[in-house]
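So you can see what is in the structure, the chains are spelled out below.
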Amino acid sequence: MLRGAARSSFFRYPSRCLHSRIQSSVCLSHVQSCGKQYRYSQVRQWSNIPFITMPLSRSHGKSFAHRSELKHAKRIVVKLGSAVVTRGDECGLALGRLASIVEQVSMLQNQGREMMIVTSGAVAFGKQRLRHEILLSQSVRQALHSGQNQLKDMAIPVLEARACAAAGQSGLMALYEAMFTQYSICAAQILVTNLDFHDEQKRRNLNGTLHELLRMNIVPIINTNDAVVPPPEPNSDLQGVISIKDNDSLAARLAVEMKADLIIVLSDVEGLFDSPPGSDDAKLIDIFYPGDQQSVTFGNKSRVGLGGMEAKVKAALWALQGGTSVVIANGTHPKISGHVITDIVEGKKVGTFFSEVKPAGPTVEQQAEMARAGGRTLAALEPEQRAEVIFHLADLLTDHREEILSANKKDMEEAETKGRLPPPLLKRLSLSTAKLNSLAIGLRQIASSSKDSVGRVIRRTQIAQELELEQVTVPIGVLLVIFESRPDCLPQVAALAIASGNGLLLKGGKEASYSNHILHRLTQEALSVHGVKDAVQLVSTREDVEDLCRLDKLIDLIIPRGSSDLVRNIQKAAKGIPVMGHSEGICHVYIDSESAVEKITRIVRDSKCDYPAACNAVETLLIHRDLLRTAVFDQIIDMLRVEQVKIHAGPKFASYLTFSPSEVKSLRTEYGDLECCIEVVDSVQDAIDHIHKYGSSHTDVIVTENEKTAEYFLQHVDSACVFWNASTRFSDGYRFGLGAEVGISTSRIHARGPVGIEGLLTTKWLLRGNNHVVSDFAEQGNMKYLHESLPVPQRNTS
């Protein structure tokens, strides 16, 4: 950081004139011509076409403490390393990457941010041009006599870097200019050397030039003047001031002196690792704090450029001390480079974020590792010990009832005050004595039925003499369960994870933070009985769901519990992690022509009105055409009206009525409230066809007295749950006798319907032999395969 009078003078004196003679080379005529096209009012304009700017303002002084705050960054420096700008052969520019970077910078500039680029690439571009000139200057005779293959291998003299820079700088800037022009943005070139920062007059001029460019909405493109720059001098930093030895230190120096909010340093690695990238145990550091240098082993610098990762870290920490946030990320990966800059500014977990604020608790990555280690210890316990933990948790829910309800009351009061939650979610958020009693009963049911879940033999085969194979159940690993509004979900899912020996990460909604905190504390208290407290972790950090979904090396299965939007977003965000969830809960009740009226009204009322916000509530009634204009139909309508259910008419139903409810806009609607659609069908097959076309494969019901029709419906409807003469609301883990559920799955791999303990297990194969080798089973070998099925030990159901 600059000290004393030197720093104050830099900011005290404005630039008197853009034409000041500084060693920095600025394209002044271009700046002035661009500046004439700007008119400033309350919105910025380009060619008299206004666009809305983002309300970005912050007082510079401290760096951002969390990634989520990066979206407030107004002045941003993007540093492009040589490995990002140049091709792999170091001759020429990576045009595709460069175009993508320009597009992202332009997008942010047009949002009202002030973007600056510190770029490498002049040497590489010049090297390409000079090599081309050398090849062209070879005599034609030599080329003809050499032959094509020899010409290809013709020796090229070593090119001096300064000459390459001189030849490449103008072309590099012309390329940037052409690319930015596509987005109606002007760019200006500035070349600097270390002397420009040591001379007070030159520093003042440079400061004034940069501020004037930013004021006119022009993107400054800054580079070291490699055509004249002297060789870097080691350890030449002044006290508190970093020297311009490479573009990393240049970016840091400019960012601090221009009071930038953020530097994005793009390199050819994902970020900062705790050991050299590519080594077996190298782990990407998500957040780096000052003082953590001793925990990092630096490797070699990149294939091109002057600065390695050690130089980047030194520059980043210097900038951080000066109040500028820093992110180091990969700008070369083809799958992420097209949005890496915008992702960083949006606060997504990309690269390594430098922060001065060290959290008190573990990071989410550390929590996932703790959950994995704890889960493995949990799986190694005796079944009776896991059951004991769950029984103890059930007792704690009862013993601490008042404390839990008091915390839940705080959540309810805040939710009602803020008014952000719709009534269905408010109902899910609410806990009561009855809910806690039901929870405790369900947990005891899980404990009683889980004693033979992990390690159960499901298949035994005699492969050959003294060679026996077993298939046994094992935990999946680490589960990430994301849930909205429903704090009762936490102990249910925790109990199922404990019973199945899985590590668990829980991510609840902010609206239930008080409830989730107390319930998680009680869960860990129960786990402490057998020293496995870490197996269940509550993620309470600022990580977005999308960031959690990227932890594919730490999480084995994601289970979302919430709205269909939540499920879809997680399925979209998951990066290599399986997601077990359901789509919309579009459940149907088909009322057959041979159904009993007393069953119809009871089943429909319960399916729709018992808990309309639930995913297993009915959304569409399918009524056989023969029931129209009958007393049965009138009783159905009267019952719905008494229950204040708003009715929407399907296309066929609407065509039968002179005066009818409004025709439904879509037959694929999940209302989640006291609303439902009524549609007419001609037969049981017509009902099945409708369900397959508009349903979500969740839960579908037939009401009929005809057993043959019912069986046909049960066998042919392709949904996770299909019922005969029973409410859709029975689609529930507790009601199925599973004790609880982690969710209802409408997928087909690997669990379907309400998912209990069985759905949280996978299998592994155990082979026990006695000096067996495969070659013994070859044609000339002395062993033969038997492949005989062996009896499986009976499951303990007591």
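Preceding block: the structure.
Residues numbered from 1 in each chain as written. Predicted model: local features only at pLDDT ≥ 70, side-chain atom pairs only at ≥ 80, totals over all residues. Heavy atoms only, no water.

Undergrad: What is the right way to look at a positive patch on the surface in this model?
TA: Where like charges cluster on the molecular surface, the positive patch consists of Lys-71, Lys-418, Arg-420 and Lys-510. Among the secondary structure elements, Lys-418 is positioned in helix α15 (residues 401-418). (Patch = residues over 30% accessible without salt bridge, like charges linked within 9 Å, V, L, I, M, F, W, Y side chains within 5 Å. Areas by Shrake-Rupley, 256 points an atom, 1.4 Å probe, with all protein chains shown as cover. Salt bridge = Lys/Arg side-chain N within 4 Å of Asp/Glu carboxyl O. Lys, Arg positive; Asp, Glu negative; His and termini not counted. Charge placed at Lys NZ, Arg CZ, Asp CG, Glu CD. Helix = DSSP H or I, 4+ residues; strand = E, 2+ residues; numbered from the N terminus.)

Undergrad: Would you mind showing me how to read helix α5 (residues 122-137) here?
TA: Given 3.6 residues to a turn, an α-helix orients residues that are three or four positions apart in the same direction. Compared with the 22 Å implied by 1.5 Å per residue over 16 residues, the 22 Å span of α5 between its first and last C-alpha is a close match. Those residues of α5 that sit buried are Ala-122, Ala-124, Phe-125, Gly-126, Lys-127 and Ile-134. Elements that come into contact with the buried residues of α5 comprise α7 (161-181) and β6 (219-224). (Expected span 1.5 Å × (residues − 1). Buried < 20%, exposed > 50% of the residue type's maximum accessible area, 1.4 Å probe, protein only. Contact = heavy atoms within 4.5 Å.)

Undergrad: How should the side chain of Lys-348 be read in this particular structure?
TA: Mapped onto the elements of the fold, Lys-348 is located in the loop between α12 (340-345) and β10 (352-354). The buried category is assigned to Lys-348, whose relative accessible area is 18%. In this structure Lys-348 touches Arg-67, Asp-343, Glu-546, Asp-547 and Arg-550, once residues within four positions along its chain are discounted.

Undergrad: Looking at this model, I keep getting lost on the layout of surface pockets. Mind explaining?
TA: Any empty space left between atoms is shown by rolling a water-sized probe over those atoms. Its volume calculated, the largest pocket comes out at about 1,600 Å³. Lining of the largest pocket is provided by 39 residues; of these, Leu-284, Ile-285, Asp-286, Glu-365 and Leu-551 occupy positions nearest its centre. At the level of elements, β9 (325-330), α12 and α13 (364-380) are the ones that each hand at least two residues to the lining of the largest pocket. Among the elements that line the lining of the largest pocket, the one with the most residues is α13, at 3 residues. Here the lining of the largest pocket is composed, by residue class, of 14 nonpolar, 8 polar and 17 charged. (1 Å grid on protein atoms, 1.4 Å probe; cavity = no way out; pocket = protein on both sides within 12 Å on 5 of 7 lines; lining within 4 Å. Points joined across faces, edges and corners; volume = space filled by probe spheres on them. Nonpolar A, V, L, I, M, F, W, Y, C, P; charged D, E, K, R; others polar.)

Undergrad: What exactly am I supposed to notice about the sheet that holds strand β11 (residues 457-464) here?
TA: By way of backbone hydrogen bonds, the strands of a sheet pair with one another, either parallel or antiparallel. Pairing is antiparallel in the open sheet, where 4 strands are placed in the order β25-β12-β11-β26. The open sheet is flanked by β25 (761-768) and β26 (788-790), the only strands paired with a single partner. Put simply, the sheet's adjacent strands are angled 30° from each other on average, direction ignored. The pairing of strand β12 (residues 467-475) with β25 spans 8 bridges and is antiparallel. If you follow Thr-473 over to β25, its bridge partner there is Thr-763. (Pairing = 2+ DSSP bridges. Axes fitted to C-alpha atoms, helices over the stretch in contact; angles between N-to-C directions.)

Undergrad: Looking at this structure, how should I read the sheet that holds strand β14 (residues 503-508)?
TA: Spatially, 4 strands are ordered β15-β14-β13-β16 in an open sheet, and the strand pairing comes out parallel. What marks the edges here is a single partner per strand, and that holds for β15 (536-538) and β16 (557-561). The mean angle between the axes of side-by-side strands here comes to 20°, regardless of whether they run parallel or antiparallel. With 6 bridges connecting them, strand β13 (residues 478-483) and β14 associate as parallel partners. Of the residues in β14, the one forming a bridge with Ile-482 is Lys-507. Lying over the sheet, helix α18 (residues 489-500) contacts β13, β14, β15 and β16, oriented at roughly 165° with respect to β14.

Undergrad: For this particular structure, what's the right way to read unusual backbone geometry?
TA: Outside of glycine, negative phi angles account for most residues, and trans bonds account for most peptide bonds. If you check the backbone angles, Gln-644 has positive phi at about 60° while not being a glycine. One non-glycine residue with positive phi stands out, namely Asn-725, at about 55°. Among the secondary structure elements, Asn-725 is positioned in the loop between β22 (721-724) and β23 (744-745).

Undergrad: Could you clarify how one ought to interpret the packing of aromatic side chains in this entry?
TA: Between two aromatic rings, the relevant description is the distance of the centres plus the angle of the planes. For the structure shown, the criterion picks out 5 aromatic pairs. Between Tyr-590 and Phe-713, the aromatic rings sit 6.3 Å apart at their centres with planes inclined by 20°, giving stacked as the arrangement. Taken as a pair, Tyr-590 in strand β17 (residues 587-591) and Phe-713 in helix α26 (residues 707-716) lie far apart in primary sequence, 123 residues in all. With respect to class, Tyr-590 is no different from Phe-713; both count as buried. Lying over the aromatic face of Tyr-514, Lys-410 brings its terminal NZ or CZ to 5.4 Å of the ring centre. (Phe/Tyr/Trp six-rings, centres within 6.5 Å; stacked < 30°, edge-to-face > 60°. Lys NZ or Arg CZ within 6 Å of the ring centre and 35° of its normal.)

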